[in-house]
Amino acid sequence: SDVVPYVRERAMQFAGHIVGMPISGKISMLLYRRDIFADAGLAVPTTWDDVVEAARILNGTDMDGDGEGDFSMCWQLTDSDICQEQVFAAGQVLASMTQSNGTMTHWLFNPDTLDAFVGSPAMAHALKIFANMAKYTPRDISCEVLAPANLAAGRCAISVKSDEGFRGIQVIPNAVKGKIGT
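Calculation notes
Residues numbered from 1 in each chain as written. Predicted model: local features only at pLDDT ≥ 70, side-chain atom pairs only at ≥ 80, totals over all residues. Heavy atoms only, no water. Disulfide = S-S within 2.5 Å. Helix = DSSP H or I, 4+ residues; strand = E, 2+ residues; numbered from the N terminus. Buried < 20%, exposed > 50% of the residue type's maximum accessible area, 1.4 Å probe, protein only. Core = buried A, V, L, I, M, F, W, Y, C linked by side-chain atoms within 4.5 Å. Contact = heavy atoms within 4.5 Å.

Asks: Teacher, can you tell me more about the state of the cysteines here?
Replies: The bond known as a disulfide is covalent and runs between the sulfur atoms of two cysteines. Evaluated as defined, the whole model comprises one disulfide. Residue Cys 74 pairs covalently with Cys 156 via a disulfide, S to S 1.7 Å. Negative torsions about the S-S bond denote left-handed disulfides, and the value of about -120 degrees found for Cys 74 with Cys 156 makes this one left-handed. Note that Cys 74 is positioned in the loop between helix H3 (48-58) and helix H4 (85-98) and Cys 156 in the loop between helix H6 (149-152) and strand E5 (158-162), a separation of 82 residues in sequence. Residue class for Cys 74 comes out buried when judged on its relative accessible area of 3%.

As structure tokens, this is what we get:
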């Protein structure tokens, strides 16, 4: 009874049986630089395709005032296998394309047959979106726990992070405090 009802009744159960235990209550959200979007005349993205288009338009813009163009995305993608962020990032994209009926449906597999969505049109589209966003993301960043360092330094315009990333940007000293929208 000390577990949030949604987690207890939906996320931990399958076919009436408890199949897992909660380890996190994180919520993914889009973080964007309100000032950079306003300067470019861009609306807040409402779809992944919108995010990719905004990233394409903003990529190469000098966002931190150092006279050099910056990557538009701050997504913690690395060539290392020690960061879990890229797994979460891919999941954020895929879940939004396969989970068509909220928590009552699936995101990795069909709940009735347990067939995986590998090779499905949704998986193919999610991977295409993910690959397109990766083009606008630097690879030389570390695995930050709280807030993306490039975002905090003002060197990008878009990030997808959990609620803790948004909270971190609000409380730690940084170059974009008060400029981040969700």
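Asks: Sorry, what's going on with the nonpolar core here?
Replies: For soluble globular proteins, nonpolar side chains are generally found buried alongside one another. Grouped together as the largest cluster of nonpolar side chains are 25 residues, with contacts concentrated most on Met 73, Trp 75, Met 133 and Ile 158. At the level of secondary structure, the elements contributing two or more residues to this core comprise strand E3 (28-33), helix H2 (34-40), H3, H4, helix H5 (121-134) and E5. With six residues, the single largest contributor to this core is H3. When residues no more than four places from it in sequence are discounted, the contact partners of Ile 158 are Leu 30, Leu 31, Tyr 32, Phe 37, Val 51, Ala 54, Ala 55, Ser 72, Met 73 and Cys 74. By size, the runner-up hydrophobic cluster in this structure holds eight residues, among which are Ala 152, Cys 156, Ile 169 and Val 176.

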